[in-house]
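If you want the building blocks of each chain, they are given just below.
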Amino acid sequence: LDNTLVDTAAAGRRAIEEGGGLTRASHPLQVIKALQSKHHYGEGEARLICDKVQAKLLKECHDPAKMCITDLRISHWEEAIQETTGGEANRHLAAECYFLWKTTRLQHLTLSEDTRGLLTELRKGLRLLLLTNGDKQTQREKIEACGCQPYFDAIVVGGEQKEEKPAPSIFHYCCDLLGVQPAECVMVGDSLDTDIQGGLNAGLKATVWLNKAMTTPVDISPVPHYIISSVLDLPAVLQKMEHKINSELGTDHTASSNE
């Protein structure tokens with residue numbers, strides 16, 4: 001889901017920078033503007049608070065047994081405000097910032113027209129499953145916001161399972177849901193550590209790494225079977241895979257009109 005089908009990182013940045021899709025002038029509700037206009041923080045201070053929150057999100061460790069994601073993320077804002085300005089902790093302001101950020105981010109999470117077309121096309125001949133790590137509530141809200149349910153045969157959220165990617169168990173669970181063997185399944189994702197390593201651990205047919213930067217490091221590890229710079233390049237890779245299998249089988253299905 002995140003940064004493969006929808007650009008979560010950009011949506012998060014826009015939640016801090018902009019408003020909910022309206023012009024800045026008419027919608028000054030985004031976090032930096034709210035901190036400046038409503039709470040009289042300087043722009044530098046407001047930006048620093050947001051930068052600190054982004055850093056906390058990147059190294060977030062969430063144990064749902066101990067704390068719900070909402071409380072944890074309000075705490076990120078509370079700590080960031082206190083670290084930047086000193087003084088008393090302000091839980092109320094932290095909660096206001098968090099809900100504003102979250103609402104705006106969800107508004108910016110959209111499946112592009114191209115991606116919708118891609119999924120519709122792929123699903124004509126393939127079973128599609130969306131597998132995402134992360135907190136149950138957070139991921140389900142994103143799935144709802146971008147409206148991707150109709151494009152998939154099944155959706156699996158790591159936070160609802162015993163183990164998350166890259167554990168083989170969650171991949172095998174996905175295969176069972178679709179009624180396919182691991183050797184018939186291809187994993188596409190943007191994370192080498194969870195998506196590619198997980199696909200390799202589970203013995204899937206192939207792994208496809210989405211590397212938007214497309215400046216590929218020389219010694220990437222783990223090594224994916226294929227690398228694409230856009231999810232829209234996927235059909236070409238799948239075609240390549242099919243040709244490879246056909247040639248290994250010693251058959252050329254392209255000559256058959258009913259293939």
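Note that this is a predicted model, so its numbers are computed, not measured. Per chain, residues are indexed from 1 in the order of the written sequence. Predicted model: local features are reported for residues with pLDDT of at least 70 only, side-chain atom pairs are reported and counted for 80 or more only, and whole-chain, interface and lining totals are derived from all residues. Heavy atoms throughout the structure, all of them, feed into the side-chain values; hydrogens and water do not.

A.B. asks: Account for the side chain of Asp-195, with residues named and values stated.
C.D. replies: Runs of H or I in DSSP of at least four residues are treated as helices and runs of E of at least two as strands, each being numbered from the N terminus. Turning to its location among the elements, Asp-195 is positioned in helix H9 (residues 192–201). There is a polar contact of 3.1 Å between the side chain of Asp-195 and the backbone nitrogen of Asp-190. Polar contacts involving the side chain of Asp-195 include one to the main-chain amide nitrogen of Ser-191, which spans 2.9 Å. Note on contacts: a residue pair is in contact if any heavy atoms of the two residues lie within 4.5 Å. Among residues more than four places away in sequence, those in contact with Asp-195 are Lys-165, Phe-171, Met-187, Gly-189 and Asp-190. N or O atoms closer than or at 3.5 Å make up a polar contact, with two conditions inside protein: a donor-capable atom paired with an acceptor-capable one, and, for residues adjacent in sequence, both atoms drawn from side chains.

A.B. asks: I'd like a rundown of the pairing of strand E4 (residues 206–210), residues and numbers included.
C.D. replies: Both faces of the sheet carry side chains from a regular strand, because those side chains alternate between them. In terms of burial, E4 is largely enclosed, as five of its five residues are buried. Residues of E4 alternate between two faces, with Ala-206, Val-208 and Leu-210 on one and Thr-207 and Trp-209 on the opposite face, all of them buried. Where strand E3 (residues 186–189) and E4 come together, four bridges link them in parallel fashion. In the strand pairing of E4, Met-187 is matched with Thr-207. Note on the crossover from E3 through H9 to E4: the handedness is right-handed. Two strands are said to pair when DSSP picks up at least two bridges between them. Here three bridges tie E4 to strand E5 (residues 226–228), and the two strands are oriented parallel to one another. Opposite Val-208, over in E5, you have Tyr-226 as the bridge partner. Only protein chains enter the accessibility calculation, which uses a 1.4 Å probe; a residue is then buried when its area is under 20% of its type maximum, exposed when over 50%, and partly exposed in between. Look down the strands so they point away from you; if the path from the first strand over the helix to the second goes clockwise, the crossover is right-handed.

A.B. asks: Describe the domain arrangement of the chain, with residues and values.
C.D. replies: Taken domain by domain, the chain consists of domain 1 (8–18 + 28–108) and domain 2 (113–249). Where each domain begins and ends follows an automated or database-derived domain assignment. Once you take the C-alpha centre of each, domain 1 and domain 2 turn out to be 31 Å apart. Listed per partner, the contact involves eight residues of domain 1 and six residues of domain 2. Take the accessible area each of two parts loses on contact, using a 1.4 Å probe, and add the two losses: that sum is the buried area. In total, about 590 Å² of surface goes out of reach between domain 1 and domain 2, with carbon and sulfur atoms giving 53% of it. Area buried by domain 1 at its contact with domain 2 is led by Ile-69, Lys-102 and Leu-106, which between them contribute 60% of it. For salt bridges, the criterion is a side-chain nitrogen of Lys or Arg within 4 Å of an Asp or Glu carboxyl oxygen. Scanning the region where domain 1 abuts domain 2 turns up one salt bridge. Across the pair Glu-141 and Lys-102 runs a salt bridge whose closest N-O atoms are separated by 3.0 Å. At the junction of domain 1 and domain 2, the tally comes to one residue pair in polar contact (both at pLDDT 80 or more).

A.B. asks: Outline the packing of helix H2 (residues 31–38) against helix H5 (residues 91–108), listing residues and values.
C.D. replies: Structural elements are reduced to axes, namely lines fitted to C-alpha atoms, with helices fitted over the stretch in contact, and the angle between N-to-C directions of any two is expressed from 0 to 180 degrees. Relative orientation of the contacting elements H2 and H5 amounts to 145 degrees, with a least axis distance of 9 Å. Every pair of crossing elements has a handedness; the one defined by H2 and H5 is right-handed. Here Val-31, Ala-34, Leu-35 and Lys-38 of H2 come into contact with H5, specifically with Leu-93, Glu-96, Cys-97, Leu-100 and Trp-101. The residue classification treats Ala, Val, Leu, Ile, Met, Phe, Trp, Tyr, Cys and Pro as nonpolar and Asp, Glu, Lys and Arg as charged. All others, Gly included, are polar. Grouping the constituent residues of the contact of H2 with H5 by class yields seven nonpolar, no polar and two charged. We call a crossing left-handed when the near helix sits turned anticlockwise from the far one by less than a right angle, and right-handed when that turn is clockwise.

A.B. asks: Give a description of H5 that names residues and reports values.
C.D. replies: Here a helix's expected span is defined as the number of its residues, less one, multiplied by 1.5 Å. Counted at 1.5 Å a residue, the expected span for H5 with its 18 residues is 26 Å, and the 26 Å between its end C-alpha atoms agrees. Check the buried side of H5 and you find it contacts helix H1 (8–17), H2, helix H3 (43–58), helix H4 (69–85) and helix H7 (136–146).

A.B. asks: Describe the sheet that holds E3, naming the residues involved and giving the relevant values.
C.D. replies: Sheet architecture is open: three strands sit in the order E3-E4-E5, paired in parallel fashion. Two strands close off the open sheet at either side, each with one partner strand: E3 and E5. Across the sheet, the axes of successive neighbouring strands diverge by a mean angle of 20 degrees, strand direction being ignored. On top of the sheet, H9 reaches E3 and E4; it is set at about 170 degrees to E4, its chief contact. The strands that helix H10 (residues 234–248) touches are E3, E4 and E5; relative to E5, the one it contacts most, it runs at about 160 degrees.

A.B. asks: Could you give an account of the nonpolar core, naming the residues involved and the relevant values?
C.D. replies: For this analysis, a nonpolar core means a set of buried residues of the types Ala, Val, Leu, Ile, Met, Phe, Trp, Tyr and Cys, connected via side-chain atoms within 4.5 Å. The biggest cluster of nonpolar side chains holds 29 residues, and the ones touching the most others in it are Leu-111, Leu-130, Cys-148 and Phe-152. Elements represented by at least two residues in this core include exactly helix H6 (113–123), H7, strand E2 (154–157), E4, E5 and H10. Ranked by the residues each element gives to this core, the list is headed by H10, at four residues. In this structure, Leu-35, Tyr-41, Ile-74 and Ala-95 belong to the second largest nonpolar core, which totals 23 residues.

A.B. asks: With reference to specific residues and values, describe H9.
C.D. replies: Residues of H9 that are buried include every one of Leu-192, Asp-195, Ile-196, Gly-198 and Gly-199, and no others. Buried residues belonging to H9 abut helix H8 (168–178), E3 and E4. The distance from a side-chain oxygen at the start of H9 to the backbone nitrogen of Asp-193 is 3.3 Å, and the residue carrying that oxygen is Ser-191. Gly-203 sits one or two residues past H9 and shows a positive phi near 70 degrees.

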